[in-house]
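The chain contents come next:
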Amino acid sequence: GKLGAVHPDGGHPAVFKDENPAAPADARYKAIVRSEGRRGLLALKSPDGIRWTPMAEEPVITDGAFDSQNLAFWDGARGVYRAYWRYFTGGVIDDKQWKPAGLRAIRTATSKDFLKWENQQDLTYVDSPAEQLYTNQIKPYHRAPHVLLGFPARYVERAWTPSLQALPEKEHREWRSGASKRYGTAMTDSLLMASRDGVRFKRWNESFLRPGIERPGTWNYGHQYIAWHLVETKSPWEGAPNELSLYATESYWTGRSSEVRRYVLRLDGFVSINAPLSGGELVTRPVTFTGRSLTVNFATSAAGDLRVEVQDVDGRPIPGFTLEDADPAFGDA
């Protein structure tokens, strides 16, 4: 709605509770929201997450393509606010509109006061192809806040092949294509990416959340957009550890409304190294740690097991911690 002279677009907000210890009581909750007036992102604040006031009369970020969920948060590990929003690489702005060119990309900036945003730059990736990315869904992982995890939606346009025509709800797909071809030929899934500096990300190029088994409401443009962010929840099984819940969109184009589906992941279970029963070996990078113990997440079959050797920086086994000294570990924990 209208907040004085400011006109926020309520279509895709990303509200966050400000963990900055210096945040005043009337700004415990914040958001950057697309403006319906002058193009850009408005800075909003709230004492309770319900009643909102603008922090400035004009948009605080104006360089971008903002028709997506744009978000910001307090990055406690680095002591700054960090924003992420949608961008077109090679895009051009004139007085009236954004003229897209190149790729749908993600841009970031930092701020000390949530009003003046600086250090604007596009995200870069380690060994990833150029792909079209929508919502970025980046936030510190609550169990390791120095690591920023993102779940961007990947946008893919396909040709009108027999395989596309065999997907669910063909008549809806043809009808949407009448308005714009890509509405019928595009589909989406979600990826996983991680960063320690907020700009350069390791992106796993395999799908993190696939469209899954073909069924009504799936395999279309807008499917599997993951919500912001992970939630730690109790397991339905007594005695099992907590798990991670994540939520994703479904039935975006069909029926009377969109739907949200919950997916579950084991704690810290984002990626893994695996070996066949015949065996395998992994050597980590050198690690410096303090304390008396190191833990590892692992899962085996009843027949498989894991053994760990501790080596010095030159790869020499440390006496008492060699492979021969190790008890085989088996289980899922």
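Structure first, text after, so check above.
Residues numbered from 1 in each chain as written. Predicted model: local features only at pLDDT ≥ 70, side-chain atom pairs only at ≥ 80, totals over all residues. Heavy atoms only, no water.

Caption draft 1: Expanded view of the overall build of the protein chain. Along its length, the protein chain carries three helices and 20 strands. Its C-alpha atoms give the protein chain principal-axis dimensions of roughly 70 × 55 × 40 Å. Out of the 333 residues belonging to the protein chain, those deemed buried represent 38%. Relative to all contacts within the protein chain whose residues are 6 or more apart in sequence, the contacts with residues 24 or more apart total 53%. Accessible surface, the protein chain as shown: approximately 19,300 Å² in total, 52% of it carbon and sulfur. A gap of 5 Å separates the mean positions of the 42 positive and 41 negative side-chain charges of the protein chain. (Helix = DSSP H or I, 4+ residues; strand = E, 2+ residues; numbered from the N terminus. Buried < 20%, exposed > 50% of the residue type's maximum accessible area, 1.4 Å probe, protein only. Contact = heavy atoms within 4.5 Å. Areas by Shrake-Rupley, 256 points an atom, 1.4 Å probe, with all protein chains shown as cover. Lys, Arg positive; Asp, Glu negative; His and termini not counted. Charge placed at Lys NZ, Arg CZ, Asp CG, Glu CD.)

Caption draft 2: The arrangement of the layout of surface pockets in detail. Within this model, the second largest pocket holds a volume of roughly 490 Å³. Lining the second largest pocket are 22 residues, and of these H12, S68, T135, Y225 and Y252 lie nearest its centre. Considering each element in turn, the lining of the second largest pocket owes the most residues, three residues, to strand β19 (residues 243-250). Looking at the lining of the second largest pocket residue by residue, the classes come out as twelve nonpolar, nine polar and one charged. (1 Å grid on protein atoms, 1.4 Å probe; cavity = no way out; pocket = protein on both sides within 12 Å on 5 of 7 lines; lining within 4 Å. Points joined across faces, edges and corners; volume = space filled by probe spheres on them. Nonpolar A, V, L, I, M, F, W, Y, C, P; charged D, E, K, R; others polar.)

Caption draft 3: Representation of the side chain of T188 in the model. Looking at where T188 falls in the secondary structure, it is placed in strand β16 (residues 186-195). Its relative accessible area of 3% is what places T188 among the buried residues. One polar contact links the side chain of T188 to the main-chain amide nitrogen of G222, over a distance of 3.0 Å. A distance of 2.7 Å separates a polar atom in the side chain of T188 from the backbone oxygen of H223. For T188, the contacting residues outside a window of four places in its chain are R154, Y155, P211, N220, Y221, G222, H223, Q224 and Y225. (Polar contact = N/O pair within 3.5 Å; in protein donor to acceptor, adjacent residues only side chain to side chain.)

Caption draft 4: Examining the pattern of salt bridges more closely. For the structure on display, the rule yields 21 salt bridges. Across the salt bridge formed by R34 and D9, the nearest N and O atoms sit 3.8 Å from each other. Here R34 is found in strand β2 (residues 29-34), whereas its partner D9 is found in the segment before β1 (16-17), with 25 residues between them in sequence. With a relative accessible area of 15%, D9 lands in the buried category. For E250, the salt bridge is made with R261, and the minimal N-O distance between the two is 2.8 Å. Taken as a pair, E250 in strand β19 and R261 in strand β20 (residues 259-266) lie far apart in primary sequence, eleven residues in all. (Salt bridge = Lys/Arg side-chain N within 4 Å of Asp/Glu carboxyl O.)

Caption draft 5: View of the environment of V313. Topologically, V313 is positioned in the segment after β20. The spatial distance from the C-alpha of V313 to the C-alpha of A275 is 24 Å, given a sequence separation of 38 residues.

Without other data, these values stay purely geometric and don't point to any function.
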